[in-house]
Amino acid sequence: FSEFRSLSLPRSVVKDFEDCQLIEAETIALVQMILAVQLRGEDLDEKTYRCLQWLLWSVSLISGDSLKSGQYEPEIEMSIAGLIERSSFIARSSASPIVKVSNPPRWQLKCVAANIASLTMASLLEMKENPSIFNYQSARARCTEMLQKEGNEVYGVSLHSFPVLHLEELVTTACIASAATSNNSELPSVQVSGLRFLITVLKAFGEELDASTNDGTSVLEQYSSQIISAVRHALNAESLLEESVATSGFHRLFAAGCDALFVMINGGFVSEPVVIRRLLQPLLLTSEDVPFTAFGGKDEKLLMKSNHVTDDSRSFPLFRLSKLCFAARVSMMIEVGDMNQSAVSVINGELEKEVVGRAVHSAAAAMDGFLLSKAHKKQSGGELPSTGLTFANLSDVDELIVDELVKNWPVLATSSVVSLVKAINDASEERSAQRETMELWLSKLLPIILIGLREALSEFKPGQSKSSASEAAALFICALRLLVGNNTSMELCSDELGNIISMVTDSVLFQLLGLSDSDSGGTHPLILPQSVFEDCTILMQQACGFIEDLCNNHSDTDVTDLALLSHSVMKPLVALQEKQIKLHTNYSIILSSCIRSSVILLRCQREGDRMQLEKALVQLSLSTLKDMSDHPSELSKELKEPCLSLLRSCSSDTSLQAGEWGEIATYSVSNELWDAWAIVCASLPPGIGMKSSINAMKGALGDLANTSRHAGAIVALRVALHSAGTEDPSLVCFVLHHVGFEVLQLLRAYSLRLAPALEGFDENRVNVCAEAVKVNMIAFQYLSTTSGEEGTSASFLLALFQVLVESVSFNGLPGNLLDTRNTGADENIGRMCAQVFVHVVRSNPLVFKSTISAMAAESRTILENAVRADMSGYAAPKREKKKLSLKGFR
């Protein structure tokens, strides 16, 4: 293929070709087929090697980098630098036959080479399972592994470089091509191809971190000035058009610049407010560009037409359409929460200008795009609509505009719905006419939203369908959420809403969980790969949010009963409880949403049905909390709080008997579900949970050999005692009567390191001591405020002070005020004990004085030193300097 020279022939010969663009297209298609054939193998190393050779070969053609005369193949150096040099040499060698004929390279050659580079990068993006392609550290580690392999000395599939190691060359070449010129004239065709190449580089390496800085910055940050300059050049294409010969290349360049800027914002590559504002300026639409108009008006305000005198009127409207599409994509990215928050306020501030006019024109473009897409999908014989809202005659519109309308109508429609709904809610009564006009536009958009949702969900197949189906479905659901949840004239009938609920549930939630009717039966459905769930994250969030919104607003949705919602929410939870699906991180978004929705559905149940559902939900929350102890912390973060919230809702307004809740409290302690136990004790009437489970709590606190239980148990005891003790102070007396010794024993064992130093002991040591001290302080406050407990208070403090004095003696105090060299001493624990002494002496000095009078002299000295140290802020005592007397030298 390197001998194919038609695109590098002299200019005099090129004139013989009737259609050079056809040759370019055929060449790119041929390369794409060859690349697809070479990548049919299953070996990732072989795929990576082939793509790397194509990529570097294309880069060499773009830059005109070839071998010099007399330059021979160097001996391979067995190092990473040697592999990088070897890869570049092979690429230059393959490109030399073409570059020698066209030196410097013709712009047609650069254009085709940049397109081939984009195709190759797209193929590499599909190999996400190989981290060495894009991650710098993984690539170096893999190269080192290849070099160390015995007998691996020949450069090839088993010994090669990786794309990330050539990142500087890739970025530089893409940026140069994105601003290519010839004799001070712009080359928009080359610039568009270079910008497409740059977009693939941004997608590939945008999320990779710079290992040299280790501060969370992107590896592309060091090339930010080149990249921003290249993108800004494309965004200024509208002004470049006025200075150059009219051609559709500038319109395509502007559209590509919009795509590049969107990728940069989506990946968080640009976050500086000043940079974002400057890049957005060429994309802002004025009131003249998007005047507000009514649906069905006879004026031509909606038509896409040239506002300037130009020789290319068919392509000129692509400028305005690209601006509409960019604003729609960015606004919907913000709406679904898929944008870096640092850039949201800046972008919102810029896009809020002419938002209503932009929404109306986006709606018109979406309707035309919808009709065009339906015509495209029809079989032979289907005709495209000759007229539309945005064009008077389809023949007067360039194919690029038609393609943009077909491709972007979902995001245009949904962004228009979002903007119109918000504008209707903010509209004042004086602007009733404009409100009616906006509601009319909404009524026209609703049918295509519903049709688009059905088509997107029918095409959505996890791990099989294109990402566009998932993205479109997420956008449509987001728009429906706003329509259902806001006060507009748009109302869905109960049958239509029921169909939507069934579609979203079956096509998204159940299908991802493996619970759809089409899935084969079995104990555990096959868990889809993590990458599938990552690609569907936004769709899952929107689908779950849709069901939650309907549960919250069920009284306003015309759904006569909750059967559909209950089916959507309860089926995954039943499958989880019956072990039909595993408790897996991939399912956390869906399961946590179902648990939150079940809380709402529980409140809606009638008296006769509530008890059975409440029992089932309590059992579900407890079993899920118990199972989560065997799963990663990421899963606990997603599911723990919804489970605890469900348990709190059940216990705060319960239909179960007190004895049943007592069994639940005992079960929670026995299975170390400390957060659940604290919620049950705090939510139920005072004493029910604690009194029924106090013996189990006593066993957990008193078992010094099992240190894994102590941290959770003492925290739960303090939380429950603080909450329930406020309503019924006598509970403090009851609890400490049963577990007071265990709490004091725990404080002594942890502060003096008497408990077995098992795994996690040192991590929880300070926390356990702090919680034990808090529990004892609750007891001291109870004794101090209860009449007739003076004698008990002094005896309690004497026992507590003895333990605290031992702790201060063992751990010392900050500032080395007490000299201690004990292994494992922690001055933070010593300071904690000193603070207890100070708190007691300030709150009840009489009891403090009577307590220390009964202590041994040595213990009392340590206590007094600790009090003085804490009151002085642990400042070291001042020592007077000795004065030197000169009298002795006389």
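Residues numbered from 1 in each chain as written. Predicted model: local features only at pLDDT ≥ 70, side-chain atom pairs only at ≥ 80, totals over all residues. Heavy atoms only, no water.

1. Examining the confidence of the model for the protein chain
Next up, step 1: Averaged over all residues, the pLDDT of the protein chain is 83; the fraction at 70 or higher stands at 86%.
Next up, step 2: Low confidence marks residues 1–9, where pLDDT is under 50. Its contacts with residues over four positions away, or in another chain, come to 28 contacts.
Next up, step 3: Predicted confidence for residues 13–19 stays below pLDDT 50, and this span has six contacts to residues more than four positions away or in other chains. (pLDDT = per-residue confidence, 0-100. Contact = heavy atoms within 4.5 Å.)

2. Digging into the pattern of salt bridges
Next up, step 1: A complete count under the given rule lists 23 salt bridges for this structure.
Next up, step 2: A salt bridge links glutamate 335 to lysine 422; the shortest N-O distance between them is 2.9 Å. Of the two residues, glutamate 335 sits in helix α13 (residues 318–335) while lysine 422 sits in helix α16 (residues 399–426), which places them 87 residues apart along the sequence.
Next up, step 3: Overall, the relative accessible area of 26% leaves glutamate 335 in the partly exposed class.
Next up, step 4: The shortest N-O distance in the salt bridge between lysine 579 and aspartate 627 comes to 2.7 Å. (Salt bridge = Lys/Arg side-chain N within 4 Å of Asp/Glu carboxyl O. Helix = DSSP H or I, 4+ residues; strand = E, 2+ residues; numbered from the N terminus. Buried < 20%, exposed > 50% of the residue type's maximum accessible area, 1.4 Å probe, protein only.)

3. Quick word on helix α33 (residues 827–843)
In an α-helix, one turn spans 3.6 residues; hence positions three or four apart end up facing the same way.
Next up, step 1: For α33, with 17 residues, the first-to-last C-alpha span of 24 Å sits near the 24 Å given by 1.5 Å per residue.
Next up, step 2: Residues Ile829, Gly830, Met832, Cys833, Ala834, Val836, Phe837, Val838 and Val840 constitute the buried set of α33.
Next up, step 3: At the N-terminal end of α33, a side-chain oxygen is found 3.0 Å from the backbone nitrogen of asparagine 828, two or three residues along, and the residue is aspartate 826. (Expected span 1.5 Å × (residues − 1). Polar contact = N/O pair within 3.5 Å; in protein donor to acceptor, adjacent residues only side chain to side chain.)

4. With respect to the packing of helix α31 (residues 761–785) against α33
Next up, step 1: α33 packs onto α31 with a crossing angle of 10° between their chain directions and a minimal axis gap of 10 Å. Classified by the interaxial angle, the pair formed by α31 and α33 is roughly parallel. From α31, Arg765, Val766, Cys769, Ala770, Val773, Met777 and Phe780 reach across to α33, where they touch Ile829, Met832, Val836, His839, Val840 and Ser843.
Next up, step 2: Of the residues belonging to the contact of α31 with α33, the class tally is 10 nonpolar, two polar and one charged. (Axes fitted to C-alpha atoms, helices over the stretch in contact; angles between N-to-C directions. Parallel < 35°, antiparallel > 145°, perpendicular 65-115°, else oblique. Nonpolar A, V, L, I, M, F, W, Y, C, P; charged D, E, K, R; others polar.)

5. A few points about the packing of aromatic side chains
Next up, step 1: Counted under the stated rule, the structure contains 11 aromatic pairs.
Next up, step 2: For the pair phenylalanine 370 and tryptophan 409, a centre-to-centre distance of 5.1 Å together with 70° between the ring planes defines the contact as edge-to-face. One end of the pair, phenylalanine 370, is in helix α15 (residues 355–377); the other, tryptophan 409, is in helix α16, with 39 residues separating them in the sequence. The exposure classification of phenylalanine 370 matches that of tryptophan 409, with both residues buried.
Next up, step 3: Consider the rings of phenylalanine 533 and tyrosine 587, whose centres lie 5.8 Å apart with planes at 65°: the pair is edge-to-face. One end of the pair, phenylalanine 533, is in helix α20 (residues 530–535); the other, tyrosine 587, is in the loop between α22 (563–577) and α23 (588–603), and 54 residues separate them in sequence. (Phe/Tyr/Trp six-rings, centres within 6.5 Å; stacked < 30°, edge-to-face > 60°.)

6. Structural notes on the environment of threonine 654
Next up, step 1: Looking at where threonine 654 falls in the secondary structure, it is placed in the loop between α25 (633–652) and α26 (658–670).
Next up, step 2: Each C-alpha atom, one on threonine 654 and one on serine 683, is 9.8 Å from the other, the two residues being 29 residues apart in sequence.
Next up, step 3: Those residues within four positions of threonine 654 in sequence are excluded, and the remaining contacts are Arg610, Glu614 and Trp661.
Next up, step 4: Within the structure, threonine 654 has its side chain in polar contact with the side chain of glutamate 614 (distance 2.5 Å).

7. Some thoughts on the nonpolar core
Next up, step 1: Counting 192 residues, the largest nonpolar core has Leu480, Phe546, Trp677 and Phe801 as the members making the most contacts within it.
Next up, step 2: Not counting residues up to four positions away in its chain, the partners in contact with phenylalanine 546 are Ile477, Leu480, Arg481, Leu497, Ile500, Ile501 and Val504.
Next up, step 3: If you look at the next biggest cluster of nonpolar residues, it comprises 97 residues, including Phe162, Leu220, Ala230 and Met264. (Core = buried A, V, L, I, M, F, W, Y, C linked by side-chain atoms within 4.5 Å.)

8. Re the packing of helix α3 (residues 44–63) against helix α7 (residues 167–178)
Helix-helix packing: each pair is described by the crossing angle between the helix axes and the interaxial distance.
Next up, step 1: At their nearest, the axes of α3 and α7 sit 10 Å apart, and the two run at 40° to each other. Between α3 and α7, the angle is such that the two are oblique. With respect to the hand of their crossing, α3 and α7 are arranged in left-handed fashion. Where α3 approaches α7, its residues Leu55, Leu56, Val59 and Ile62 are matched on the opposing element by Glu169, Leu170, Thr173 and Ala177.
Next up, step 2: Its residues placed into classes, the contact of α3 with α7 shows six nonpolar, one polar and one charged. (Left-handed = near helix turned anticlockwise from the far one by under 90°.)

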